[in-house]
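Residues per chain, in single letters:
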Amino acid sequence: MENNTWERFQNAIKADNPEEALRILESEGHLMPERKAEAEEIVKKHKKRKVKIDQQALMDAAMRDDCSGFCLACGAENYGIEADGTKGECEECGERKVVGAARLLGIV
Ligand SMILES: [Zn+2]
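A short tour of the structure in this document, coming up. Just so you know, the residues in each chain are numbered from 1, in the order the chain's sequence is written. Totals for whole chains, interfaces and linings use all residues, but because this is a predicted model, local features are given only for residues with pLDDT of at least 70 and pairs of side-chain atoms are given and counted only at 80 or more. The side-chain numbers reported here are obtained from all heavy atoms of the structure, hydrogens and water having been left aside.

### Considerations on the coordination of the zinc ion
Next up, step 1: Atoms are scored as donors when they are N, O or S and lie within 2.8 Å of the metal, with 3.2 Å used for Na, K and Ca; no water is included, so coordination may look incomplete. At the metal site, the zinc ion is ligated by Cys71 (SG), Cys74 (SG), Cys90 (SG) and Cys93 (SG), and these contacts range over 2.3 Å.
Next up, step 2: Considering all four donor atoms around the zinc ion, the spread of angles at the metal, 107 to 113°, places the coordination shape in the tetrahedral class.
Next up, step 3: Read N to C, the donor residues that coordinate the zinc ion are spaced as C-x2-C-x15-C-x2-C. With a gap of 22 residues between them, Cys71 in strand S1 (residues 68–71) and Cys93 in the loop between strand S2 (77–79) and strand S3 (98–100) connect regions that are remote in the sequence.
Next up, step 4: Only protein chains enter the accessibility calculation, which uses a 1.4 Å probe; a residue whose area is less than 20% of its type maximum is buried, one above 50% is exposed, and one in between is partly exposed. The buried category is assigned to Cys71, whose relative accessible area is 0%. Square planar and octahedral assignments, for four and six donors respectively, both demand that opposite donors be over 155 degrees apart and that all other angles lie between 65 and 115; tetrahedral needs four donors with all angles between 85 and 135 degrees, and anything else is irregular. To qualify as a helix, a DSSP run of H or I must reach at least 4 residues; to qualify as a strand, a run of E must reach at least 2; elements of each kind are numbered from the N terminus.

### Regarding the pairing of S1
Next up, step 1: A two-sided burial pattern is seen for S1, the buried positions comprising Ser68 and Phe70 on one face and Gly69 and Cys71 on the other.
Next up, step 2: At least two DSSP bridges between two strands are needed for those strands to be called paired. Bridge count between S1 and S2: three bridges; the pairing is antiparallel. Residue Phe70 lies in a different strand from S2, and its bridge partner there is Glu77.
Next up, step 3: Here S1 pairs with S3 via three bridges, running antiparallel. Paired with Phe70 across the two strands is Val99, which belongs to S3.

What follows is the structure, given as structure tokens:
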């Protein structure tokens, strides 16, 4: 029974759905406390890794066509990025994961 819950939890994480993973945890009362703590840690990490880029800001940047890009690591808006660039260095976090706005929207 417990393995089943754990498996479903892992599947939800793999499917990039931490909300569903949490729901599975909460609806099943028989997980061992250590496992539950471990699971919550995984969900937390997963959420942190998932960066939300402001869709409105992204659209605006693409419309302006002024070499704006967004960092896939932290979500920060960067400037001086080629429209189809994919490896710009982020001014915010230093990762080379800045992608041009138009590229992100699939325009170029
Ligand atoms: Zn960044």
